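If you want the building blocks of each chain, they are given just below.
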Amino acid sequence: MLNALLGWRKKHPRFSDAGWTVASTARIREAIGQPGEEGNAGLRLALERLSTNPVDLTFDGDRPVRAPLLAAVELPRGDGMVAYRLPELVAEDAERPKAFARLSLEACARLGSRYALVLYELCELLARRDHPRVTLDLDELRARFGTGSAYRGGAAFCRDVLAPAAAAVTDRTTLSATVTPQLSRRRRVTAARIEVGRRT
C-alpha cells in the first residue's frame, strides 16, 4: 500500500500541495490488487493501519524513530479520491536520490502479509549485490519486521515470521529467498542468514 501511495506521489507531483497528496481511489486499488472490489472498505482498512500503527523508522544510521507511515489520511465516502500526508521524515527520505529497492506493485499485491512485504524489499536490495546474502541478529530482525515483543524466541521468530515470508516471496515473486537460522553454542537461534536468488 505504501509503495502505491509513494508511486502515485512521484508520478503525479501536480496532485501534491502543502504536504498533502490527492489520488484516485480506483487507481490505488488497482495498484494494490483490489481493482474490482466494491467500495473502498479494503482500501480504508489499509490506510487506517498505515496511519495508526507505528513502526520503527531508521534514517541514515540514526536511532530509530517510532511513528506511523502516514501522518494523516482523508477518504470521503463517494468522492472517488483519497488525500494523504506523509510524516516529514518519510517525505524527506522518499525525495532523496539514493538507492531504493525496485519493487513490483503486482508482486506486492500478491504477497498477502506485511512480513512478506518486508522480506521482499530486503531481498530486492540484496539481489543487486555481488554476494546476495546477509546475516542479521534477532534484535535487528525484530526491528525490521516490527514484531515488537512478539516471537521472543529465535526459533519461533524463524518458524512463524521468516519461514512463511520466505515461502511467499519465493512462490509469488521472481526471487527465491532462503532463510537459515544461526545457532549459538547453546543451540539457540540468535540470528538468521538470508540468501537471495533471482529466477528467470
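Everything here concerns the structure above.
On a predicted model such as this, the values are computed, not experimentally measured, just so you know.

**Section: the sheet that holds strand S8 (residues 175–183)**
Here is step 1: Pairing is antiparallel across the open sheet formed by three strands, whose spatial order is S7-S9-S8. The open sheet has two edge strands with one neighbour each: strand S7 (133–137) and S8. This sheet shows a mean twist of 20° between the axes of neighbouring strands, independent of strand direction.
Here is step 2: Examined bridge by bridge, S7 and strand S9 (residues 189–198) share five bridges and lie antiparallel to one another.

**Overview of the sheet that holds strand S2 (residues 20–24)**
Here is step 1: Strand order across the open sheet formed by four strands is S1-S2-S6-S5, with antiparallel pairing between neighbours. The sheet is open, and its two borders are formed by strand S1 (16–17) and strand S5 (72–74), each paired with just one other strand.
Here is step 2: Judged from the two bridges that link them, S1 and S2 form a sheet pairing that is antiparallel. From the neighbouring strand, serine 16 faces S2, where its bridge partner is threonine 21.
Here is step 3: Contacts from helix H1 (residues 2–11) reach S1, S2 and strand S6 (81–85), with the element oriented near 100° to S2.

**Observations concerning H1**
Each full turn of the α-helix corresponds to 3.6 residues, which orients residues three or four apart in the same direction.
Here is step 1: Among the residues making up H1, those that are buried are Leu2, Ala4, Leu5, Trp8 and Arg9. Down the axis of H1, the smallest arc covering the buried residues is 165°, so these residues share one side. Away from the buried face of H1 by more than 90 degrees, exposed residues Lys10 and Lys11 are located.

**A look at helix H8 (residues 154–172)**
Here is step 1: With 19 residues, H8 ought to run about 27 Å at 1.5 Å a step, and its terminal C-alpha atoms sit 26 Å apart, in line with that.
Here is step 2: Of all the bends in H8, the largest measures some 35° and sits at leucine 162, one to four residues before the proline proline 164.
Here is step 3: Of the positions making up H8, those classed as buried are Gly154, Ala156, Phe157, Cys158, Val161, Leu162, Ala165, Ala166, Ala168 and Val169.

**Notes on the packing of aromatic side chains**
Here is step 1: With the rule as written, the count across this model stands at four aromatic pairs.
Here is step 2: A ring pair is formed by tyrosine 115 and tyrosine 151, whose centres lie 6.5 Å apart and whose planes are at 80°; its orientation type is edge-to-face. Of this pair, tyrosine 115 sits in helix H6 (residues 114–126) while tyrosine 151 sits in the loop between helix H7 (138–145) and H8, and the two are 36 residues apart along the sequence.
Here is step 3: Centroid distance phenylalanine 145 to phenylalanine 157: 6.0 Å. Interplanar angle 85°. Geometry classified as edge-to-face. Taken together, the residues phenylalanine 145 in helix H7 and phenylalanine 157 in helix H8 connect sequence positions twelve residues apart. Grouping residues by exposure puts phenylalanine 145 and phenylalanine 157 together as buried.

Thresholds, definitions, all that
- Residue positions within a chain follow its written sequence, with the count starting from 1.
- Side-chain atom pairs in this predicted model are given and counted only at pLDDT of 80 or more, local residue features only at pLDDT of at least 70, and totals for whole chains, interfaces and linings cover all residues.
- Water and hydrogen atoms were dropped before computing side-chain values, which therefore reflect all heavy atoms in the structure.
- Any two strands are treated as partners once DSSP identifies two or more bridges connecting them.
- The helix count covers DSSP runs of H or I at least four residues long, the strand count covers runs of E at least two residues long, and both are numbered beginning at the N terminus.
- Comment: axis = line fitted to C-alpha atoms, over the contacting stretch for helices; angle = value between 0 and 180 degrees taken between N-to-C directions.
- Two residues qualify as a contact provided that any one of their heavy atoms is within 4.5 Å of a heavy atom in the partner residue.
- When accessible area is computed with a 1.4 Å probe and restricted to protein chains, residues below 20% of their type maximum are described as buried, those above 50% as exposed, and intermediate ones as partly exposed.
- In this description, the arc belongs to the directions extending from the helix axis to the C-beta atoms.
- A helix is expected to span 1.5 Å for every residue after the first.
- The bend reported for a residue corresponds to the angle between axes fitted to the seven residues ending at that residue and the seven starting there.
- In this analysis, rings of Phe, Tyr and Trp, with Trp reduced to its six-membered ring, are considered paired at centre separations within 6.5 Å, and the interplanar angle assigns stacked below 30 degrees, edge-to-face beyond 60, and tilted for intermediate values.

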